[in-house]
Amino acid sequence: MPSAMLPGSCSSYPLSGASHSSWILRREEPRSATPATRGYVARAGWGPQGRSRGHACEVLSAFGDMEEFRRSYNRLCKESGAEPQEAVLQQLHQLSRGGLDLTTQSLTVDTCRALGKLLHKETLLKELVLSDCMLSEEGSTLLLQGLCANTSVQLLDLKGNNLRATGAEALGKLLRQNKSIQSLTLEWNNLGTWEEAFATFCGGLAANGTLRQLDLRNNQISHKGAEELALALKGNATLQQLDLRWNNIGLLGGRALVNCLPSNRTLWKLDLAGNNIPGDILRAVEQAMDHNQDRITAFRENQTRTKILSKEVQHLQEEKSKQFLDLMETIDKQREEMARDSRASAVRVGQLQEALNERQSIINALKAKLQMTEAALALSEQKAQDLGELLAAAEQERQSLSQRQEKERKLEQQEAADRESKLLRDLSAANEKNLLLRSQVDELERKVKSQQEQLFLTRQELTNTSAELKIRAIQAEEHLDMEKRRAKQNMEDLEKLHCKEVDHMTRHLEESERAMQERVQRLEALRLSLEEELSRMKAAVLSERSQAEEELIKAKNQARLEEQHRLAHLEEKIRLLAQARDEAQGTCMQQKQMVAQSQARASQLNLQMEGQQRRLEELQQELSNKDQEKVAEVARVRVELQEQMGRMQADLVAQEVLREKVAALERQLKVVGSEHREALLDRESENASLREKLRLKEAEISRIRDEEAQRASFLQNAVLAYVQGSPLRALSPPK
């Protein structure tokens, strides 16, 4: 490879087939690649059994970018007069494509400055993890300034860096300017301690349009910070998940957040555990989140349904275009036949003219046969006139047929547009109709073959009686159209009745499924409320214990009096905890009763579904009987019509048109049958998933009940051990 070629270039690959991969290994490896890079290239599959040339080029390009990233970091550190950190170099050396993880690495200000300059224009990294890096205020500011103009980083993790006022302001600026970060983790920082800086951060959040997830756990956020967050959530239209657990939001902050939720339609997950917020506010937040989640789910379902309907409409349009093309081909074939007939007539007229010329010469020679020749000439002229009339009648019949076919095509398009909504529901009767239509088509084909044989035998008779047969054919076609319209009206009435029955059953099933989902959601809300009550009880016990230890350390002289007072206070707490335990047990009993009720309701729903299925089978049986009667009636009418039209030449054209329509109807019925099977499979999978979810919810409720009992016993044992212990034992840390 020439020395001027870039590492990762693919411009000079040979095209020699078998030696292609080995040539890449020898020629295309970048000279600046490190041993780790060469090892990864070997593991990536370069060699005799290597990957494709495009993949090798992509791997080389990625490693070239990584090498350039490391060299730029070294250069920037040296320009600032500082040595590169070995830990950072090691992480850059092991840099995976798309992510940089510097967790627990103590980053200096110079390193932060260099990384900030690199991230200003870096397009390789997708994830940047800087958790527990002990960032200083200056270092965090430099890093965040570099990320302001970055367009590739989508995940940023700043957990446990003790970010304060300066960090909060820098984060606010980052959220205003950055357009790529979708997930931001700020757990275990102190952003909420400084209210003005946190207000700046909230202003940046309100102006941001790309962030989807935000983690603010353990950030000392007070009720004023919660109010600022509420204002930001009113202006933000993209945030979907917000974690505020273990802060100091309190009652006022919880109310502010609840008041802002009606104006926010995108946030569907908001965690507020460990904030001393009353249960009614938490339940209001959960209801708002459920409402937003239902709205998002409905929006996605509408999108999927719109896509499915557009695909179906496109498919129907394609089918209609195919039918139109088939119709045009049929018309072209008829035109070709007419042209062949006209050519044959012209040839025959030419032959007659030749015969006339010969007879004229014979007249000059044989005057005795003048009368015979004149009679033959008159007969020939009469035949030519008859042929001309036949041609004109055939042309007029062709035009009327094309006009009638065009009208039928438009009528079929209108009927197809009307039946699009009905065909989606008429699923159960489609299969039976398909079988009946197939049998009818087979019978029609057999009859067509027999009629073709009869037509071949009676073609000479039809030439003598064509005028009378045309009149009878027109009358028969009118009668046939009348019978077709009558049969079509009867079929539409049956389809409407069946659609009404199917709609009633689907609505009933949807209502039952919706009721089951509401019961499952209520059980989930009860479980969450129990967990929150237990967490509040734990927090209260821990706070009381810490207060007791501080009072023992500060007031050793008054230990006895305070110990007596504390014992009385703890006894009161024990009594309250016992009451809470009794309430929790009562709640568990209520949950058991609710689970039993839900099981009974599920059994009732199963019985109702079985009854509905039996009702559906009865309706299908009735519909099949009606279809059989209708088919018998149609068959009788067709037999009568075929007896009248057995000697007509136009019957062949009408039967060909009918065969094309039956073929199109068969294609439509195949599509409807496939859609019916898919819909049934989808409904069965949905029922199975609902039953599986119900079983999982029951198992989870039993598991939560067991955990609550264990936690209550553990809490009681801990309180008793604490009460019975000595002051020295209380001061010692728990084992």
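Throughout, residues of each chain are indexed from 1 in the direction in which the sequence is written. Given that this is a predicted model, residues contribute local features only at a pLDDT of at least 70 and side-chain atom pairs are listed and counted only at 80 or more, while totals for whole chains, interfaces and linings are drawn from all residues. The side-chain numbers reported here are obtained from all heavy atoms of the structure, hydrogens and water having been left aside.

Looking up the chain in an unreviewed UniProt entry gives the name Leucine rich repeat containing 45, with the organism given as Rattus norvegicus. UniProt positions are given in the numbering used here, feature names are shortened, and annotations may be inferred rather than shown by experiment. Taken directly from UniProt, the Subcellular location (unreviewed entry) text for the chain runs: "Cytoplasm, Cytoskeleton, Microtubule organizing center, Centrosome".

Visitor: What is the right way to read the sheet that holds strand β2 (residues 127-129) from this model?
Guide: Strand pairing in a sheet relies on backbone hydrogen bonds, with the paired strands running either antiparallel or parallel. Reading across the sheet, the seven strands line up as β1-β2-β3-β4-β5-β6-β7 and stay open at both edges, with parallel pairing between neighbours. For this open sheet the edge positions go to β1 (99-101) and β7 (269-271), each flanked by a neighbour on one side alone. Taking each pair of neighbouring strands and ignoring which way they run, the sheet shows an average axis angle of 0°. We treat two strands as partners when DSSP finds at least two bridges between them. Secondary structure elements are defined from DSSP: runs of H or I of at least 4 residues count as helices, runs of E of at least 2 residues count as strands, and each element is numbered from the N terminus. Note on geometry: axes are lines fitted to C-alpha atoms, helical ones only across the stretch in contact, with angles between N-to-C directions running from 0 to 180 degrees.

Visitor: Explain the nonpolar core here, please?
Guide: As a rule of thumb, nonpolar side chains are buried together in soluble globular proteins. Nonpolar core, defined: a set of buried Ala, Val, Leu, Ile, Met, Phe, Trp, Tyr and Cys residues in which side-chain atoms within 4.5 Å join the residues together. Burial classes: relative accessible area under 20% of the type maximum marks a residue as buried, over 50% as exposed, and values in between as partly exposed (1.4 Å probe, protein chains only). Ranked by size, the top nonpolar core spans 67 residues in total, and within it Leu186, Phe201, Leu214, Leu216 and Leu244 carry the most contacts. The contact criterion used is simple: two residues touch if any of their non-hydrogen atoms lie within 4.5 Å. Once residues within four sequence positions are removed from consideration, Leu244 is found in contact with Leu216, Ile221, Leu229, Ile249, Leu257, Leu270, Asp271, Leu272, Ala273 and Asn275.

Visitor: Before we go on, may I ask you to explain the pattern of salt bridges in this structure?
Guide: Between side chains of opposite charge, a pair can form as their charged atoms come close. Salt bridges are defined by distance alone: a side-chain nitrogen of Lys or Arg within 4 Å of a carboxyl oxygen of Asp or Glu. Using the criterion set out here, one finds 18 salt bridges in the structure. The salt bridge involving Asp243 is made with Arg217; its shortest N-O contact spans 3.4 Å. Here Arg217 lies in the loop between β5 (213-215) and α9 (223-235) and Asp243 lies in strand β6 (residues 241-243), a separation of 26 residues in the sequence. Take Asp243 and Arg217: they sit in the same class, and that class is buried. When the shortest N-O distance is used, the salt bridge between Glu686 and Arg683 registers 3.8 Å. Linking Glu686 with Arg683, this pair stays in helix α17 (residues 651-724), spanning three residues, or about one helical turn.

Visitor: So what exactly am I meant to see when it comes to unusual backbone geometry here?
Guide: Excluding glycine, residues mostly carry a negative phi; peptide bonds, for their part, are mostly trans. Phi is positive for Trp188, close to 60°, though the residue is something other than glycine. Relative to the assigned elements, Trp188 resides in the loop between β4 (183-185) and α8 (195-207).

Visitor: Teacher, can you tell me more about the UniProt feature "coiled-coil region" (unreviewed entry) in the chain here?
Guide: Cross-referencing UniProt, the feature "coiled-coil region" (unreviewed entry) maps to residues 680-707 in the present numbering. This span, residues 680-707, is 100% helix and 0% strand, and a straight line between its end C-alpha atoms measures 40 Å.

Visitor: Sorry, what's going on with a negative patch on the surface here?
Guide: A surface patch of like charges, here negative, comprises Asp326, Glu329, Asp332, Glu336, Glu337, Asp341, Glu656 and Glu660. When residues of the negative patch are traced back to their parent elements, those giving at least two are α11 (279-365) and α17. Sorting elements by how many residues they give to the negative patch places α11 first, with six residues. Look at Glu660 and you get partly exposed, because its relative accessible area is 37%. Patches draw on residues past 30% relative accessible area with no salt bridge. Two like charges within 9 Å are joined, as are two nonpolar side chains (Val, Leu, Ile, Met, Phe, Trp, Tyr) within 5 Å. Each accessible area value is a Shrake-Rupley result obtained with a 1.4 Å probe; residue values ignore everything except the protein chains displayed when judging cover. Only four residue types enter the charge count, namely Lys and Arg as positive and Asp and Glu as negative; His and the chain termini do not. Lys charges are placed at NZ, Arg charges at CZ, Asp charges at CG and Glu charges at CD.

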